[in-house]
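Summary of the model geometry
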Amino acid sequence: RKTAEILINNKYQKNHDLPEIDQYSRHEKIRVGYFSADFREHPVTNLTAELYETHDRKKFEIYAFSFGLDTNDEMNLRIKAGVDYFHDVSSMSHKEVVLLARSLELDIAIDLGGFTQDTRTGIFAMQAAPIQVNYLGYSSTMGASYMDYIIADPTLIPKNKQQYYSEKIAYLPDSFMVNDTKNKKSARKFTREEAGLPNKGFIYCCFNNYYKITPLVFASWMRILSEVDGSILWLSDGNKTGIGNLKKEAKKYGVDDSRLIFAPRLDLREDHLSRIQLADLFLDTLPYNAHATTSDALQVGLPVLTKIGESFASRVAASLINSVNMPELITSTQDQYEALAIQLATDSLKFKDIKAKLENNLLSSPLYNTPLYAKQIESAYLAMYDRYQKGLE
């Protein structure tokens, strides 16, 4: 929070170039605008696309304000079709975007990017709407007085951590993370041989970006591999430098670098979802968890082992794991994390029970029920709007 406040005070202070917004009269439908640089093939859009399509059009009007590239890829076209009004504001100044949002009398402005790449915090500093919300794309507080709410859940932000967020917390009952149920695995059946994996042995995996693999995380994984004969670690094929460094580091821990196997990128996301089913256990990273990657793994029945941390970014995997009712996969110390990773690889009965329970729980989990999620987040929007109309904080 302190870091965010320093950045806000230095670069994105509240902007008074335009007057404060006069109270809008109550609209028949609440006007919700989603602002993003990523309305294209991107993790945030892969998660949210179905939400825009599912919103209750009797109560809400849905706007998209895009300041990213107009890619016209499949996901970009889907977003354009899934919202009521799509505005390409990439060539407009902050002030022009805010004047557009105000001319539309937008009630709620949702920032899907926070401080991530190509986002435009200056729009919110100038106040695009009377209610402004930090949601999904940035896993922390923004430290800005003009961001009113952050969407979270009780696992992500426990009550005793609220003081570390400048926003007021809008709690959803299950997980804060929306999912797209149209993201299905393909019918393609991958074999271990085809994926470059050994025919025998336990397969640990982590498909996170390399920057999440800290020295402490990697050391932990090497200790796990050392304890489980024949096991391998399956990672994303990131870049040559990264691969070289990871292999070099494995050797330092006395682990043969042939036990690190790198999965080349597939053109189709649905093929990726099918291929990752070859893995046995997903090992999460700390302090920055797998986010959308955890969701992908759980969705196809791949158990995810995490160690829960203190910050938002280090509690996301636990939030998702709780949503599929698998709390036994959430550890709180490094020793527990390593011990459970080893036990699941060496105790076949326990591992089978975990796999079976996950597959059974997926049938009723709220995590992949987008219509239910839409109702939950709409309840939050309705509560925010009602408070605003009553003149409450």
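This write-up is about the structure you can find in this document.

Cut-offs applied
- Residues numbered from 1 in each chain as written.
- Predicted model: local features only at pLDDT ≥ 70, side-chain atom pairs only at ≥ 80, totals over all residues.
- Heavy atoms only, no water.
- Phe/Tyr/Trp six-rings, centres within 6.5 Å; stacked < 30°, edge-to-face > 60°.
- Lys NZ or Arg CZ within 6 Å of the ring centre and 35° of its normal.
- 1 Å grid on protein atoms, 1.4 Å probe; cavity = no way out; pocket = protein on both sides within 12 Å on 5 of 7 lines; lining within 4 Å.
- Points joined across faces, edges and corners; volume = space filled by probe spheres on them.
- Helix = DSSP H or I, 4+ residues; strand = E, 2+ residues; numbered from the N terminus.
- Nonpolar A, V, L, I, M, F, W, Y, C, P; charged D, E, K, R; others polar.
- Pairing = 2+ DSSP bridges.
- Axes fitted to C-alpha atoms, helices over the stretch in contact; angles between N-to-C directions.
- Buried < 20%, exposed > 50% of the residue type's maximum accessible area, 1.4 Å probe, protein only.
- Contact = heavy atoms within 4.5 Å.

1. Quick word on the packing of aromatic side chains
Inspection of every chain in the model, using the stated rule, returns 16 aromatic pairs. An aromatic cluster of at least three residues, connected via ring pairs, comprises F35, Y63, F65, Y85 and F124. The ring of Y171 carries K159 above its face, with NZ or CZ at 4.8 Å from the centroid.

2. Observations regarding the layout of surface pockets
A volume near 670 Å³ is recorded for the second largest pocket. In terms of residue count, helix 13 (residues 370-389) provides more of the lining of the second largest pocket than any other element does, five residues in total. Class assignment of the residues belonging to the lining of the second largest pocket gives a composition of 13 nonpolar, six polar and seven charged.

3. Section: the sheet that holds strand 5 (residues 131-134)
The strand order across the open sheet built from seven strands is 3-2-1-4-5-6-7, with neighbouring strands paired in parallel fashion. Of all the strands in the sheet, the pair left with one neighbour each is strand 3 (85-88) and strand 7 (168-171). When the angles between neighbouring strand axes are averaged without regard to direction, this sheet yields 25°. Both strand 6 (residues 149-152) and strand 7 contribute to a ladder of four bridges, which runs parallel. Within strand 7, the position partnered with Y149 by the bridge is K168.

4. Points about unusual backbone geometry
For the bond running from L286 to P287, omega is 10°, close enough to zero to count as cis. Inspection of the secondary structure puts P287 in the loop between strand 11 (281-283) and helix 9 (292-299). Positive phi outside glycine occurs at N72, with the angle close to 55°. Structurally, N72 is set in the loop between strand 2 (60-66) and helix 3 (74-82).

5. Some words on the environment of D237
On the secondary structure map, D237 appears in the loop between strand 9 (232-236) and helix 7 (240-252). Take D237: its relative accessible area is 37%, and that puts it in the partly exposed class. When the C-alpha atoms of D237 and D38 are compared, they prove to be 23 Å apart, with 199 residues separating the residues in sequence. If we ignore the near neighbours within four places in the chain, the residues touching D237 are Y210, I243, F262, A263 and P264.

6. Digging into empty space enclosed by the protein
Enumeration according to the criterion identifies two cavities of 30 Å³ or more in this entry. Roughly 50 Å³ of internal volume is contained in the largest cavity. Residues belonging to the lining of the largest cavity are distributed by class as follows: five nonpolar, three polar and one charged. Size it by volume and the second largest cavity reaches roughly 40 Å³. What lines the second largest cavity is simply K14, N15, H16, L18, P19, E20, R102, M126 and Q127.

7. Quick notes on helix 2 (residues 43-54)
Across the 12 residues that make up helix 2, a large majority, nine, are buried. Within the span of helix 2, buried status applies to V44, T45, N46, L47, T48, A49, E50, L51 and Y52. On its buried face, helix 2 is in contact with strand 1 (30-36), helix 3, helix 8 (269-275), helix 9 and helix 13.

8. Description of the environment of T3
The topology assignment puts T3 in helix 1 (residues 2-11). Its relative accessible area of 64% is what places T3 among the exposed residues. Along the chain, T3 and T141 lie 138 residues apart, while their C-alpha atoms are 9.7 Å from each other.

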